[in-house]
Amino acid sequence: MSTRPRRAAASRQKLVVELSDSEADVESQEADEYRPREANNRRVDRAADRLTGSSTRKRWPTSKNAAGEEPAPKKKRAKEGKEDENACPNETNAEPQEEAPPPPVTQPDGAAVRPSTSGRSSFWERRKVWNIHELLAETENIQPQAARNIVQLFENENTIPFICRYRRDLVDHIAPDRLRDIRNTYTDIVDLRKKAENIVSQLEREKVLNADIRDELMCAKTNEELEFLYAPYKPASKGTLAERAKALGLEVYADRLLYGTAPKVDIKSIVDTAKEGLATEALVISGICNIIMHNISKNTNVLEEIRRLQSVHRVFLKCSKTKESTSSKASSNKTSSSKGSSGIVDKKLDSSKFENYFNFQGDIKTIKPYQMLAINRGEKHKFLSVKIETSDYLKRDLMRFITDQYMSEGLQYPLRREIFTKSLEECYSKKLQPLMCRQIRADLKEKAQKAAIDVFAKNLKQLLLMSPLKGERILGIDPGYTNGCKLAVISETADVLDTGVIYPHGARANKRAAEQKLIQFLSEHNCQIIALGNGTACRETEHWLTDMFHAGILDSRSIRYSIVNENGASVYSCSDVATKEFPNMDTNERSAVSIARRLNDPLSEYVKIEPRHLGVGMYQHDVSEKTLTESLKDVVSECVSYVGVDLNTASLSVLKHIAGLSEKKAEKIIEHRSQKGPFKTRKDLLSVRTIGEKSFVQCAGFVRIEPLSVGGHLQNPLDCTWVHPESYKVADSIVAECDMKLKDIGKANFIARIKEFAASQPKLDSMAKKHKLPMERLEFVLIALQRELLQDYRADLDKRPLFKQGLTRLDELSIGDVVTGAVTNVTQFGAFVDVGVERDGLIHKSHMNNSELSIGDRIVASVVKVDLQRRQLGLRLENMLEETDTSFTFKVEQ
């Protein structure tokens, strides 16, 4: 490959790279056990450590372009009193910095840099080798001190639930959802540093690395920047036209023409009839053009300019209907009969689902994520043809920039101009234009997938935090046609009492027998609640129940039913978990048990199923399965941890999701309690194999010892609260100060005395000083002590199931009718609501009155559209009956 510096054409001054010394600027603080400790195996920025021999490293111009550079006039010196943009605003005891001699030019953050002579501002004008916490603070726009703490907490393997509940003061009270995004960014930054180090190592082995190249690679702040910088050194694929031309010895002539170096190129002198690729002048010119095209397309400045132009010019994405989809309806029967199984038409992929995009055009800056997901799916199934359309202005600006980069200096002669113009035109059409399209499509896809995962995660949290229905016997119905409707009755503690099958629909329908058996189940087990799955035959079964209410067969004064999300029930019924629970039960009846239990305790039942099977997302099957699974597992862990579990009764399915635990650790816990009896205190966890100090610290606050599981007497009542064992001494002091006893925790008098203590600021200050505890930690202990014993976190949210006693038909609704219902799913384009008709209605985002809805919200809506042919119902939000908050904030009774 060429050893020519890739920036020779730009004639820009070499820069001063300043190494980060922020590690030495950290605010001096007292030793505090409540601050995150440095990890023993901390993944420190090795690049920064390697270069800490001096505070700055100057990079001088090379001899090739030094002669053409003129000294530029000095800029005005920045104000002396200007603060460092990287300084932490909370730092008051920062170590004094040694004064350096004044630089010729001063940037806002004090870095010395020489002005560029290229006439264009570039983000490479000044860079420093960053530390992880610095780049995290910059990328996520958080305080530097919080970023430093977050990095240390993650390096010490702290979990998000633990950080958000017990270390909130260190991370500026960031919510779990936001912290999960920050952790993903942190992981990306760590991977970026490793990737840069790998590239540096590779270039060292290839002996093409110098200090300047190393510095630029280690300064890159995104994967894209790193790719741009590495592009000139990345070896081309074997067999490409450029590589073939180089093998013929044309690289030296291509470089002369591209950079205008002497001597002038004479095409005739290069022709060699003995070689196939050099036999004619046309072949020689073609080979030279291929090399020039390759060099231009790998130029870092050109790649940066392409990105810049995409952001300033309008770029459109256009969709059209493919010819295949136009003729698919006519040929579907022939295809299915002639091609066998490979030609079967999937009804779910009907082209009518994409008719909104058959003649679609949108600016890439305004296209919504859900639109992009739909377009990608339509293109994947060959219903849509998609292309990116750029303006002539963008092409003109890019061509002008590239011409200035190469043709503004060097020898000027007709052959050079002719070959450069020809190469540039071909390079744009064959390399740069396709590259832009790929970049734009990749960006749109990444943005859309992130939005889909965010929607799924938010909906999953709402579903898991639905309030449990305790103290009721429930009849679960898994509706169906051929195999009938499966029944299962569970007790108040979710134990199975009875199972059966009825046939109210289909070819085997016997409605009278079905009615009799249903009434028998309800009366024999004194059951008044019905949980109806929302799958196949749900609406037909709901119509059947409605007719029974109208006929007086079911007592509308006592019996109620609720529609339950049954997604994943069939997956659960065939799983190993279900087999262990019900080894002798039919798989169809297991799904009915699951539906009933989802109403009894949604969290405990939904965690048995892979989250992606729950169907509360938006185009979730079109996103990266790995990324989706990781994100949803985090959400499940957050929900299970915040609700908490009884250490002596929790199942493996629930226990394994507690922060700090894994499936193997949960199995050891269950094995320990089965062999040695129930846990008496939280600290007994330390006697379990595989549970060390680190795991104990992470999980202890989220498991509890309930009185009933240990015979009604607790050795330490704090084990049944949110107070973490690390704060037991503080809690004891507070209780003693209030002249109360731990056995009174949860009683009205105890809560009242704690509230009085919390209202006294002098007492709070004294207690915090006594225990050297941050005020935020002390306040959380007080909040935990003010809660009733065994109070369910989900009771704060009050997201109860919607019960009904009848169904309205879609054709009975008309525009303007007012209906009430519950939100069943939320997407970026709107929310789906169960209003008691055959299908869920859609409240489009334009009809939401700037409100944000979540699963389980009760709303009042008016009908704006009834499409009987397509069975669609459009609604407008009129009022919200309940608003819920699932941000895991801690509420105190007033």
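So, here's what we can say about the structure. Just so we're clear, the structure is a prediction, and the values are computed from it rather than from any experiment. (Residues numbered from 1 in each chain as written. Predicted model: local features only at pLDDT ≥ 70, side-chain atom pairs only at ≥ 80, totals over all residues. Heavy atoms only, no water.)

Quick look at the overall build of the protein
Note the threshold: A run of H or I in DSSP becomes a helix once it reaches four residues, and a run of E becomes a strand once it reaches two; helices and strands are each numbered from the N terminus. Burial classes follow relative accessibility: with a 1.4 Å probe on protein chains only, a residue under 20% of its type's maximum area counts as buried, one over 50% as exposed, and anything between as partly exposed. Note on contacts: a residue pair is in contact if any heavy atoms of the two residues lie within 4.5 Å. Areas reported as accessible are Shrake-Rupley estimates using a 1.4 Å probe. Residue values count occlusion only from the protein chains shown.
The helix and strand inventory of the protein stands at 32 helices and 18 strands. Scored against the burial criterion, the 894 residues of the protein give a buried share of 51%. Considering only intrachain contacts with a sequence separation of at least 6, the fraction spanning at least 24 residues in the protein is 72%. With the model as given, the accessible surface of the protein reaches about 43,900 Å², and the carbon-plus-sulfur share is 48%.

Quick word on the sheet that holds strand β5 (residues 384–390)
Note the cut-off: A pair of strands is treated as paired once DSSP finds two or more bridges between them. Throughout, an axis means a line fitted to C-alpha atoms (over the contacting stretch in the case of helices), and angles, computed between N-to-C directions, take values from 0 to 180 degrees.
Overall, antiparallel pairing links the three strands, which are arranged β4-β3-β5 in an open sheet. Two strands close off the open sheet at either side, each with one partner strand: β4 (359–363) and β5. Neighbour-to-neighbour, the strand axes of this sheet turn through a mean angle of 20 degrees, independent of strand direction. As paired elements, strand β3 (residues 315–321) and β4 share five bridges and run antiparallel to each other. Bridge assignment links Lys318 to a residue of β4, and that residue is Gln361. Across the sheet, helix α15 (residues 369–380) is in contact with β3, β4 and β5; its angle to β5 comes to roughly 125 degrees.

Let's talk about the packing of helix α16 (residues 392–407) against helix α17 (residues 414–464)
Defined as follows: Put simply, angles under 35 degrees are roughly parallel, angles over 145 are roughly antiparallel, angles from 65 to 115 are roughly perpendicular, and the rest are oblique. Crossing chirality is assigned from the near helix's rotation relative to the far helix, an anticlockwise turn below a right angle marking it left-handed and a clockwise turn marking it right-handed. In this classification, the charged set is Asp, Glu, Lys and Arg, the nonpolar set is Ala, Val, Leu, Ile, Met, Phe, Trp, Tyr, Cys and Pro, and all remaining amino acids, among them Gly, are polar.
Two numbers describe how α16 lies on α17: the axes approach to 11 Å, and their chain directions differ by 130 degrees. One element, α16, and the other, α17, form an angle in the oblique class. Handedness of the crossing formed by α16 with α17: right-handed. Across the interface between the two elements, Leu394, Lys395, Leu398, Met399, Ile402, Thr403, Tyr406 and Met407 from α16 touch Arg416, Arg417, Phe420, Leu424, Glu425, Tyr428, Leu432 and Met436 from α17. Residue composition of the contact of α16 with α17, grouped by class: 11 nonpolar, one polar and four charged.

Details of unusual backbone geometry
Following Ala262, the chain continues into Pro263 via a peptide bond in cis, with omega recorded as -5 degrees. Locating Pro263 in the fold gives a position in the loop between α10 (251–259) and α11 (267–270). Positive phi is not limited to glycine here, since Asn526 has a value of about 50 degrees. Positionally, Asn526 belongs in the loop between α18 (511–524) and β9 (529–533). Look at Asn849: it is not a glycine, yet its phi comes out positive at around 55 degrees. Note on placement: Asn849 falls in the loop between β16 (841–844) and β17 (858–867).

Some thoughts on the side chain of Arg180
To keep things clear, this is the line we draw: We call two N or O atoms a polar contact when they sit within 3.5 Å, provided that within protein one can donate a hydrogen and the other can accept it, with sequence-adjacent residues counted only if both atoms are side-chain atoms.
Assignment of secondary structure puts Arg180 in helix α6 (residues 176–205). Only 2.6 Å separates the side chain of Arg180 from the side chain of Glu638, close enough to count as a polar contact. Those residues in contact with Arg180 that sit more than four places away from it in its chain are Ile160, Ala457, Ser631, Asp634, Val635 and Glu638.

What about the packing of aromatic side chains?
As a reminder of what qualifies: Note on aromatic contacts: the rings of Phe and Tyr and the six-membered ring of Trp form a pair at centre separations within 6.5 Å, being stacked when their planes are under 30 degrees apart, edge-to-face when over 60 apart, and tilted otherwise. Distance and angle both matter: a charge sits over a ring if NZ of Lys or CZ of Arg is within 6 Å of the ring centre and within 35 degrees of the ring normal.
Inspection of every chain in the model, using the stated rule, returns 12 aromatic pairs. Aromatic pair Phe154 and Tyr186: ring centres 5.6 Å apart, planes at 35 degrees, arrangement tilted. Of this pair, Phe154 sits in helix α4 (residues 144–155) while Tyr186 is found in helix α6, placing the two residues 32 residues apart along the sequence. Here Phe154 matches Tyr186 in class, with each residue buried. An aromatic cluster is built from Phe162, Tyr166, Tyr642, Phe702 and Phe780, whose rings are joined through pairwise contacts. Sitting over the face of the ring of Trp722, Arg165 holds its NZ or CZ atom 4.4 Å from the ring centroid. Against the face of Trp130 rests Arg193, its NZ or CZ located 3.8 Å from the ring centre.

Description of the sheet that holds strand β14 (residues 818–826)
In space, the five strands of this closed barrel follow the order β14-β15-β16-β18-β17, with mixed pairing throughout. Between one strand and the next, the sheet's axes are offset by a mean angle of 55 degrees, whatever the strand orientation. Pairing of strand β15 (residues 830–834) with β16 involves four bridges; the strand directions are antiparallel. Bridge pairing in β16 places Val833 opposite Gly841.

Concerning the pairing of strand β8 (residues 496–502)
Note: strand β7 (residues 485–490) against β8, six bridges, orientation antiparallel. Bridge pairing in β8 places Leu487 opposite Gly500. Taking the residues that link successive antiparallel strands as the turn, the β7-β8 hairpin has five residues, and the phi of Ala494 there is positive, at about 75 degrees.

Remarks on α6
Residue pairs spaced three or four apart in an α-helix point in one direction, given the helix's 3.6 residues per turn. Rule in force here: For a helix, the expected span equals 1.5 Å multiplied by the residue count minus one.
If you check α6, its first and last C-alpha atoms are 43 Å apart, about what 30 residues at 1.5 Å a residue would give, namely 44 Å. Looking one or two residues past α6, Lys207 carries a phi angle of roughly 60 degrees, positive in sign.

Quick word on the pairing of β15
Counting buried positions along β15 gives four out of five residues, so the element sits mostly inside the fold. Relative to β15, β14 is paired through four bridges, and the arrangement is antiparallel. Looking at the pairing, Val823 lines up with Val833 of β15.

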